[in-house]
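# Structural overview for review
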Amino acid sequence: MALDNLQKIEEVDRWIDACGDYLEGQQEFANEFVEPRRYKGNELVEVVGVTALATIHTAEKEGRLPPPDLNENNRRLGATLGQVLTMQDYFGTSPCRQSDDEPQILSFINFKGGCYKSTTALYAGSYYANLGYRVLLVDLDPQASLTLNTGLFPDVDSSYESSLAPYIIEDVDHPLENVEAVVRKTHLPNMDIIPACLDLAGVEFSLSNEVVESRITQDKAAMAGVFFRVREALSSIKYNYDLVILDGTPSLGLLPLNIILASDTAIVPVPTEATDFASTRSFCKLYKQQAEILNDAFGDDVPLPDMFVLPTRYSPSEHNATVSSQEILNAVREIFNVKCLDTVIRKHESVVSNLSFFRRTVFDVNAGDCNVSRDARKKAIANFSTVFNEILEKAVFPHWESKRVWREERGIV
Ligand SMILES: Nc1ncnc2c1ncn2[C@@H]1O[C@H](COP(=O)(O)OP(=O)(O)OP(=O)(O)O)[C@@H](O)[C@H]1O
Ligand SMILES: [Mg+2]
């Protein structure tokens, strides 16, 4: 029997509840099941930044560091990230910026859907946090996949009030000095997130209206302000962190433009697949149009961010009808030249998909955990680490004077 409209709506309502229950169950399962990553042996020495394991063990024996966690046979379990941070503090080896260095805002942005933006943003945040940096993730996509993957349940654990939305539209009930209230903890002690919610979709509409109004009243300053709302909203809380990582929507609009203009460096993930590559040109075209409008109106008062291209979805063994992943990669490198990062994000399908089920990244889990094979974990860690280290070298350290001095003292070029 055919359903009437009300029945059809009720049916959708049941789907909403059932999806919610399923996601909540999955989240509880992940929280109970996933053991925190533990650092041992050489890995511990490297992440703490000392020369030998004995340095750590002696400090623990002498009570200068808390005693290690032991298993039932009195063997060391290894240090959690929280314990690593305590060790870095004690030995003065924390990689965090000095107070004179500006925190760096990075975004992974392209108007192309599915080019690995959110996953790369999450993995970058987790990698940097696991090195000891203080990281803030900011989810500005109403789809909220970054929010979900850090263990929050979008539109249940997040809402208009607990996202950046009211601060972007300058809601009078949410003055800028309260923005810290929307920052939430993640599973990592030194990585926080500002979650997204569905209402962020309405922000785009509000911002467009404001631009139209300011054009009518020819209020140039008001119009400029609309492009910098995200930057404004983050201008004070960013100082609690070393790195702020923004994730946005695969669309061209005022919110994505706000993300680009809030970034010190915008990294454009470019898929190395023929069909998707065409959209990279469209992205450049659309961005150029907007940048020209801004530049004509405000000149260098409106600084455009540095930009790098990051090839993604690289899979040299995979061929499509006309051209292979390797050929597209070669073209991307030739076209973007020094602005193309040397490293690429490879496809790690089983790793990423298994870990997203557990709301973790490859940097947060122990070898053999979460249905990820040791070999696949090792390969993924090696690939992601080289990419994120290159981003540190090219987009972050040049802005931190303390890193230059630190390296000069140690003869590192
Ligand atoms: N390195 C990777 N290897 C394999 N699969 C990946 C990798 N990175 C992301 N994925 C998968 O590809 C799909 C798209 O990734 P993601 O959501 O990060 O893209 P996006 O660009 O943020 O998409 P959108 O445009 O919808 O925001 C997801 O299913 C994700 O799990
Ligand atoms: Mg995304």
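Since this is a predicted model, take the numbers as computed values, not measurements.

### Focus on the sheet that holds strand β4 (residues 191-194)
Taken in spatial order, the seven strands make up an open sheet running β3-β4-β2-β5-β1-β6-β7, and their pairing is mixed. Each edge of the sheet is formed by a strand with only one pairing partner; in this case those strands are β3 (184-185) and β7 (306-312). Summarising the sheet, strand β2 (residues 135-139) and strand β5 (residues 243-247) pair through five bridges and their orientation is parallel. If you follow Leu137 over to β5, its bridge partner there is Ile245. Helix α5 (residues 117-131) rests against β1 (104-108), β2, β4, β5, β6 (265-271) and β7 of the sheet, and its axis sits at about 165 degrees to β5. Packed onto the sheet, helix α11 (residues 254-262) meets β1, β5 and β7 and runs at close to 160 degrees relative to β5.

### A closer look at the pattern of salt bridges
Side chains that differ in sign of charge can pair as their charged atoms come close. Tallying each qualifying case throughout the model produces 17 salt bridges. Close ionic contact of Asp342 with Lys394 constitutes a salt bridge, the shortest N to O distance being 3.4 Å. Here Asp342 is found in the loop between α13 (325-336) and α14 (349-357), whereas its partner Lys394 is found in helix α15 (residues 374-396), with 52 residues between them in sequence. According to the relative accessible area criterion, Asp342 is exposed, its value standing at 55%. Through salt bridges with shared partners, one network takes in Arg97, Arg134 and Asp242.

### Observations regarding the site of ligand 1
Around ligand 1, 18 residues are found, and the nearest of them are Gly114, Lys117, Ser118, Thr119 and His348. Residue Lys117 places a side-chain N or O atom 2.7 Å away from an oxygen atom belonging to ligand 1. A distance of 3.1 Å separates a nitrogen atom of ligand 1 from a polar backbone atom of Arg346. Isolated, ligand 1 exposes 630 Å² of accessible area, and the fraction of that covered by the protein chains is 77%. Take the shell around ligand 1: its biggest share by element is three residues, from α5.

### As for a nonpolar patch on the surface
Judged by side-chain polarity, Tyr22, Phe29, Phe33 and Phe357 come together as a nonpolar surface patch covering roughly 420 Å² of accessible area. Among the elements that take part in the nonpolar patch, helix α1 (residues 5-33) stands out by supplying three residues, more than any other. For Phe29, a relative accessible area of 38% corresponds to the partly exposed category.

Criteria and cut-off values
Residues numbered from 1 in each chain as written. Chains lettered and ligands numbered in written order. Predicted model: local features only at pLDDT ≥ 70, side-chain atom pairs only at ≥ 80, totals over all residues. Heavy atoms only, no water. Pairing = 2+ DSSP bridges. Helix = DSSP H or I, 4+ residues; strand = E, 2+ residues; numbered from the N terminus. Contact = heavy atoms within 4.5 Å. Axes fitted to C-alpha atoms, helices over the stretch in contact; angles between N-to-C directions. Salt bridge = Lys/Arg side-chain N within 4 Å of Asp/Glu carboxyl O. Buried < 20%, exposed > 50% of the residue type's maximum accessible area, 1.4 Å probe, protein only. Near = heavy atom within 4 Å. Polar contact = N/O pair within 3.5 Å; in protein donor to acceptor, adjacent residues only side chain to side chain. Areas by Shrake-Rupley, 256 points an atom, 1.4 Å probe, with all protein chains shown as cover. Patch = residues over 30% accessible without salt bridge, like charges linked within 9 Å, V, L, I, M, F, W, Y side chains within 5 Å.

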